[in-house]
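Remarks on the overall topology
Below, each chain spelled out in residue letters.
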Amino acid sequence: MTIASNSASKRRTVSLQEASLLEGPILLLRRIRGFHHRRSLMWFACVPLALFGLGVFNLSAHAADLPELNAAFLANNLWLLIATILVIFMNAGFAMVEAGMCRQKNAVNILAKNLFVFALAVTAYWFVGYSLMYGNAVTDGWLYFNGLFFDPAVSPELIGEGGLVPTIDFLFQAAFAGTAATIVSGLVAERVKFGEFVVFSLVLTAVIYPVSGSWQWNGGWLSDLGFIDFAGSSIVHSVGAWAGLVGAMLLGPRIGKFVGGKAQAMPGHNMAIATLGALILWIGWYGFNPGSQLAMDQWVPYVAVTTTLAAAGGAIGATIVSTVTSGKPDLTMIINGILAGLVSITAGCANLTMAGAWLAGLVGGVIVVFSVSALDSLGIDDPVGAFSVHGVCGIWGTLVIGLWGFDIQGDGSALGLFVGGGFSQLWYQFIGCAAYGIWTVITCWVAWKLIGSFFGGIRVSESEEISGLDIGEHGMEAYPDFASAGN
Amino acid sequence: MTIASNSASKRRTVSLQEASLLEGPILLLRRIRGFHHRRSLMWFACVPLALFGLGVFNLSAHAADLPELNAAFLANNLWLLIATILVIFMNAGFAMVEAGMCRQKNAVNILAKNLFVFALAVTAYWFVGYSLMYGNAVTDGWLYFNGLFFDPAVSPELIGEGGLVPTIDFLFQAAFAGTAATIVSGLVAERVKFGEFVVFSLVLTAVIYPVSGSWQWNGGWLSDLGFIDFAGSSIVHSVGAWAGLVGAMLLGPRIGKFVGGKAQAMPGHNMAIATLGALILWIGWYGFNPGSQLAMDQWVPYVAVTTTLAAAGGAIGATIVSTVTSGKPDLTMIINGILAGLVSITAGCANLTMAGAWLAGLVGGVIVVFSVSALDSLGIDDPVGAFSVHGVCGIWGTLVIGLWGFDIQGDGSALGLFVGGGFSQLWYQFIGCAAYGIWTVITCWVAWKLIGSFFGGIRVSESEEISGLDIGEHGMEAYPDFASAGN
Amino acid sequence: MTIASNSASKRRTVSLQEASLLEGPILLLRRIRGFHHRRSLMWFACVPLALFGLGVFNLSAHAADLPELNAAFLANNLWLLIATILVIFMNAGFAMVEAGMCRQKNAVNILAKNLFVFALAVTAYWFVGYSLMYGNAVTDGWLYFNGLFFDPAVSPELIGEGGLVPTIDFLFQAAFAGTAATIVSGLVAERVKFGEFVVFSLVLTAVIYPVSGSWQWNGGWLSDLGFIDFAGSSIVHSVGAWAGLVGAMLLGPRIGKFVGGKAQAMPGHNMAIATLGALILWIGWYGFNPGSQLAMDQWVPYVAVTTTLAAAGGAIGATIVSTVTSGKPDLTMIINGILAGLVSITAGCANLTMAGAWLAGLVGGVIVVFSVSALDSLGIDDPVGAFSVHGVCGIWGTLVIGLWGFDIQGDGSALGLFVGGGFSQLWYQFIGCAAYGIWTVITCWVAWKLIGSFFGGIRVSESEEISGLDIGEHGMEAYPDFASAGN
């Protein structure tokens, strides 16, 4: 059983032993399939297609006798629509950051992954994910399901209460699911097969992410416990990062990344688009965090301010540390510092003071610089620093509520240890971080293994990796009119 | 009479015979002009300038005694403003997609066209286009006119009813006019003269697009007939595509595009910006489609969802088909699949179920792949696939309402043939598609011919085309610090 | 005392004489510092950090007993939030325009400056700038201060009146402060030291910009006088431009810019991102200008229309003039024409008719072309034309209200000389332009001098400038995988 048989790295053979746990399901999968080659994977899409087709004839949304639309209904739904558009715009940000920070020869592959995965994520989340995440309880606190698709009907009561119409709630949540999938893309960049990654993304957005998301955001056991994760430092960012980390470890490092155990610099090919991507992500976060208020009220701008200050703090923290440690302010680190600051405030954006938010971001910016080095010394190859940004800072952002958080929208009481709130909130935050980590690592390990076994490995061949995935996976170049520097 | 005298292609000489129909107007034009060279064209701008100048002294908008602004008025106008900004942002998307998919040596030209044409389109649409499109009836159902400029005054009644202020209605529609002009740019790219294209854009946005637009959106004959085109699959996208197709056919293919009757690949020079452009267009479409509700209500998010699902379907359809036919998922096709999905839902975004929208997009994504091949075998050179995306899928998106559309915002009754609505809606949709095609082809053929005759051809010289339009038309390069790959 | 000791240019030694005025403060600064090298500058950030840390434990915003949110409150705050996001997005626009219009070897430096300076500007403005700009009067009409940080508490009265919550007002204003700092970046590009620029930005956004901003926008002496600057042609754009001009003159021109007194072309390295940046700025201006209404009402779309028409006019004016003068439409000039049009309408966007706005933009577009040439003949090196766009057109946009402005939101009376309003408004506008120019030039001259003296010059070494600031200041390249054209 050689999942990564076409790889040059010795490192990966270790993990193959673990696959024996999955021998049963893998043999079953092998028997039911009648074909081996990657192309045939695409035909699987026809199965959900047939199911979707049935929905064409089934009109569930139509004009009903509804009351006049009130100010709260209009403002809440308009704001969520705008927030959703901003979150969807984050796809452009991720695509530019990830492509810009990788090498030219793999740019088409990264761009294609980002474009296509969002299309798949929306489809999968519409088909089943939303139902698993926001459906009615099957097993109280742990599992939810509402059937396939969802019902977009609007009731008079919902309008009277100023509630969100189901369509905008769905679209906002679907955009979040897409974000989780995009984070994975950065960790497995420059060596994962396109088709296999695509299948993994489907599993992640259809099942893995929605099930654990419901634990908190659908009133599941973590929510009952008292865990706080306002906009998803753990639920979205750390889940995406853990999923990618498992992939990165199973794939092993890129050829040439570690020479004699020492990490080599593999600089990104286009810092202009990477910077643009960071600024687009910053903008998109104004949908991600303030949108998670799920209404328009006086707290939405407050969340926008804490988000901004944390981004600023992150940039400052990362720039200072990278200047002190390497002598010069590294643009890659400024970018990662901003993103680290934003991830660090995602859980606590409604529970920290403004200064607390700035400080959370600053610490996140410091953490990300050291985390990048730490992953390098562990021999884990994370091409764009995605685990440091979304995983490590996702955990940090979750924990900081237990350090200096307040119940700002409630009675203003202290939650964090350092502001007099005791240990309990920190403990809840720790439980949540651990739960998301354990769930994601186990399910994603199984998913990557099964996919790799079924399709004959998840890593491209050595020769393809050296010549670049753009030619190998897509038969084209990103910049054919430009001469290459030959590295 | 040699309109394209400086071209190398034999193919174009055929079309010169047709120009004899226009001999009268062309001779007239030649007599009234006293000069030949392109530069003098610019001075024409001084005529409208003088007219505009008069408006400087004429204050038509000022504070009146208005009632308190109600929730509907605030939400409707705020939403339309945001939708307008998103549609204007589509200019950036078109500029990046078109420039990225063309060759490096023509990048400045494409960027300059996209920037400048939007400035002209807004000006022309303000001067006369809006009046021709949304003015009072001159000939019932066919022609409208309200005088030059428009009156931005706000009445107490309008506020009471929560209506749109004239300024935002104008700006939203002006952005649509700009979109039609930008689509043309892609079809005639890499060989059209800058000045001649600019003049054509003025004619298109001032007259051709507004006149036919009024047939549906100002309550003209198509609207009376029962034709449905919610956001402009036919009215905007197919009109732009037909206008460009006429230009592309009159221009003939780029040098080297067809060798021995076989289409040659001319890969785009920058897939990073092309991908960014696609994602910006996706975002911009949330203004284009949901904004066309022309109010903020519970249907706006519904339209955003159908738009999203169609884009996802388009990406999936195009990716599957291009992988099956060429063996590998082509990034250009993923991009065009997304855009095809978006165009395919533009007419029916408020008349299809969610599954119906996804399927409409998927079929659009499939169509676009085959359409690109078909145009190649017809010997028509469409450098960025604009006719396939905006023309063919514009027609498809219009027709699909007649196949599985519903009257969702009305009584929920079936309109489409496949859902039990009979043939009549399909027939109305067909009439509309044909009307926009015939009108645009004829008027644009005349416009391109007259412009070509007046200025001595619409195509750059052979030597300029080979060395690139950036040097020839603009005297500069897009990337002077980078070494060229020499192709 | 050699502020620019490591520079090759003779030109700059002239300005060193002026520095003798500052000998006292410079000597003092030298004595109190115990170190010389740039890196230590970063540690200064620890001082405000310690102060910020105190705010972590101080919860000033929490849920109070507030009335139901009314339609005006919801619409006003939602609109301002969106406007703020658009203004923050302008950072991406500035980064792309400035980087694209500079040479490849300095791209990382420009991108890093734009990213980092916004983080610093937000932090400095939060710490002290907002208080200096919108605090209570210290010296009536001239100086304001409210203590450090600001109080985000929301009162029932504020909600009842539909007012803006303090958080969104702060964030909107902070984004404006960031814009002023970003304009400086363009003027000093390709030769300023990173750390020294960063310190200057802190001073500008913490003190210089807020103090003069309060004169008009906090009801200071200029506001009492009758000066009009709706969104900041003078207050933001000309202040940023003057601050940068002083920097550019103290730095002297780039090596090779002037040969034998004649300006040499130094073309930008990436016109694709420069064009994208211009379109992002255009979009961002819909936050800048209409957002400055500070409420959602029927005038917001009106301001969006005047902004659009001025941008269109600017593009047309600059294109015509650059075509007439140089024979070909220069893309750089189309971009600068659009920006010139936008700056030209920023002061008068609520005081000009639509035709008046278009004309103001057109004249701005004409001015910018001649201004770029004029600066070249004066031997001032403004790499991206920032002084022409933001300074000269900022002044023009302020003055035009005195030429054909109206009191549109008031009684509709004429203000401008050409529309029958007499000379008085033109005089107020002139006073305002002069006040912002004099204040900014003096304070920034002192600031640049002190910073230069303290850190041993503000200009990079000759060898660093020739090899590029990317390697020298940041130790990395923007496009390492691409071969350079060798110029």
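These numbers come from a predicted model, not from an experiment.

So, the overall build of chain A
Helices and strands together make up the secondary structure of chain A, namely 19 helices and four strands. Expressed as a percentage of the 487 residues in chain A, the buried residues total 69%. Residue pairs at least 24 apart in sequence account for 78% of intrachain contacts in chain A once pairs closer than 6 positions are excluded. Summed over all atoms, the accessible surface of chain A reaches about 14200 Å², with 64% contributed by carbon and sulfur.

Quick word on the interface of chain A and chain C
Contact with chain A, which involves 71 residues of that partner, is made by 66 residues of chain C. Around 5900 Å² of area is buried between chain A and chain C when both sides are counted, 82% of it from carbon and sulfur atoms. Together, L279, Q298 and W358 of chain A form the three largest contributors to the area buried by chain A at its contact with chain C, with a combined 9%. The interface formed by chain A and chain C holds zero salt bridges in total. The interface formed by chain A and chain C includes eight residue pairs in polar contact (both at pLDDT 80 or more). At the level of elements, α4 (71-101), α11 (271-291), α12 (299-326), α13 (331-346) and α14 (354-377) of chain A are the ones that each hand at least two residues to the side of chain A that touches chain C. Here the side of chain A that touches chain C takes 15 residues from α12 of chain A, the largest share from any one element. Considering only residue class, the side of chain A that touches chain C consists of 49 nonpolar, 18 polar and four charged.

Some words on the interface of chain B and chain A
By a widely used convention, the size of an interface equals the accessible area lost when the partners come together. Taken together, the 71 residues of chain B in the interface contact 65 residues of chain A. For the pair chain B and chain A, the summed buried surface comes to about 5900 Å²; carbon and sulfur atoms form 82% of the total. Taken together, the connections running from chain B to chain A amount to zero salt bridges. At the boundary of chain B with chain A, the tally comes to eight residue pairs in polar contact (both at pLDDT 80 or more). Elements that contribute at least two residues to the side of chain B that touches chain A include exactly α4 (71-101), α11 (271-291), α12 (299-326), α13 (331-346) and α14 (354-377) of chain B. With 15 residues, α12 of chain B is the largest single contributor of residues to the side of chain B that touches chain A.

A look at the nonpolar core
Y209 of chain A, Y209 of chain B together with Y209 of chain C are the most contacted members of the largest nonpolar core, which has 463 residues in total. In this structure Y209 of chain B touches Y125, M133, F176, A177, A180, L204, W217, I235, V236 and V239 of chain B, once residues within four positions along its chain are discounted.

Details of the domain arrangement of chain A
Partitioning chain A into structural domains gives domain 1 (24-65) and domain 2 (84-474). Distance between the C-alpha centres of domain 1 of chain A and domain 2 of chain A: 27 Å.

Here's the deal with the relation of the copies chain A and chain C
Take chain A, turn it by 120°, move it 0.0 Å along the axis, and it overlays chain C with an RMSD of 0.0 Å. A rotation of that kind, with that shift, is consistent with a three-fold axis. In this assembly, only 13% of the residues forming the interface of chain A have copies in chain C that are likewise at the interface, indicating a heterologous arrangement.

Here we look at α14 of chain B
Counted at 1.5 Å a residue, the expected span for α14 of chain B with its 24 residues is 34 Å, and the 35 Å between its end C-alpha atoms agrees. Just beyond α14 of chain B, the residue with positive phi is G379 of chain B, at close to 75°.

A look at the relation of the copies chain B and chain A
Mapping chain B onto chain A leaves a residual RMSD of 0.0 Å; the transformation is a rotation of 120° accompanied by 0.0 Å of translation along its axis. Little of the interface of chain B is mirrored in chain A: 13% of its interface residues are interface residues there too.

Considering the packing of aromatic side chains
Residue and element names in this part refer to chain A. In this structure the tally under the stated criterion is 84 aromatic pairs over all chains. Ring centres of F176 and W217 lie 5.9 Å apart, and the angle between their planes is 75°; this geometry places the pair in the edge-to-face category. In this pair, F176 is assigned in helix α7 (residues 166-187) and W217 in helix α8 (residues 194-217), connecting sequence segments 41 residues apart. Judged by relative accessible area, which is 1%, F176 ranks as buried. Members of the aromatic cluster, each reached through a chain of ring pairs, are W142, W215, W221, F227, Y436 and W439. Sitting over the face of the ring of F197, K113 holds its NZ or CZ atom 4.9 Å from the ring centroid.

Some words on the environment of I438 of chain B
Counting through the fold element by element, I438 of chain B comes out in helix α17 (residues 424-455). Each C-alpha atom of the pair I438 of chain B and N336 of chain B lies 25 Å from the other, and the pair is 102 residues apart in sequence.

A closer look at unusual backbone geometry
Its identity is not glycine, yet E190 of chain A carries a phi of approximately 75°, on the positive side. Position of E190 of chain A relative to the elements: it lies in the loop between α7 and α8. Positive phi, normally seen in glycine, also occurs at L294 of chain C, with a value near 60°. In this fold, L294 of chain C is placed in the loop between α11 (271-291) and α12 (299-326). Using a relative accessible area of 36% as the deciding quantity, one classes L294 of chain C as partly exposed.

Digging into the pattern of salt bridges
If the charged atoms of two oppositely charged side chains come close together, the side chains can form a pair. Residues and elements named next belong to chain A. Per the counting criterion, the structure on display carries 15 salt bridges over all chains. The partner of E190 in a salt bridge is R254, and the shortest N-O contact between them spans 2.2 Å. On the criterion of sequence distance, the pair formed by E190 in the loop between α7 and α8 and R254 in the loop between α10 (233-251) and β3 (258-259) is long-range, its members being 64 residues apart. Taken individually, E190 and R254 each receive the classification buried, so the pair is uniform in this respect. A salt bridge links E465 to R459, with the shortest nitrogen-to-oxygen separation between them at 2.8 Å. Overall, the relative accessible area of 1% leaves R459 in the buried class.

Digging into the environment of W439 of chain B
Residue and element names in this part refer to chain B. Mapped onto the secondary structure, W439 falls in helix α17. For the pair W439 and M266, spaced 173 residues apart in the sequence, the C-alpha separation amounts to 32 Å. Sequence-distant contacts of W439, that is, excluding residues within four places in its chain, are made with I208, V211, S212 and W215. Separated by 3.4 Å, the side chains of W439 and S212 make a polar contact.

Regarding the packing of helix α15 (residues 386-399) of chain A against helix α17 (residues 424-455) of chain A
Residues and elements named next belong to chain A. The geometry of α15 relative to α17 is characterised by a closest axis approach of 9 Å and an angle of 155° between their N-to-C directions. With respect to each other, α15 and α17 are oriented roughly antiparallel. Here α15 runs over α17; the crossing is right-handed. Facing α15, whose interface residues are I395, T398 and L399, α17 presents L426, Q429, F430 and C433. Of the residues contributing to the contact of α15 with α17, the split by class is five nonpolar, two polar and no charged.

So, how was this worked out
Residues numbered from 1 in each chain as written. Chains lettered and ligands numbered in written order. Predicted model: local features only at pLDDT ≥ 70, side-chain atom pairs only at ≥ 80, totals over all residues. Heavy atoms only, no water. Helix = DSSP H or I, 4+ residues; strand = E, 2+ residues; numbered from the N terminus. Buried < 20%, exposed > 50% of the residue type's maximum accessible area, 1.4 Å probe, protein only. Contact = heavy atoms within 4.5 Å. Areas by Shrake-Rupley, 256 points an atom, 1.4 Å probe, with all protein chains shown as cover. Buried area = accessible area lost by both parts, 1.4 Å probe. Salt bridge = Lys/Arg side-chain N within 4 Å of Asp/Glu carboxyl O. Polar contact = N/O pair within 3.5 Å; in protein donor to acceptor, adjacent residues only side chain to side chain. Nonpolar A, V, L, I, M, F, W, Y, C, P; charged D, E, K, R; others polar. Core = buried A, V, L, I, M, F, W, Y, C linked by side-chain atoms within 4.5 Å. Domains from an automatic or database assignment. Least-squares fit on C-alpha atoms with pLDDT ≥ 70 in both. Expected span 1.5 Å × (residues − 1). Phe/Tyr/Trp six-rings, centres within 6.5 Å; stacked < 30°, edge-to-face > 60°. Lys NZ or Arg CZ within 6 Å of the ring centre and 35° of its normal. Axes fitted to C-alpha atoms, helices over the stretch in contact; angles between N-to-C directions. Parallel < 35°, antiparallel > 145°, perpendicular 65-115°, else oblique. Left-handed = near helix turned anticlockwise from the far one by under 90°.

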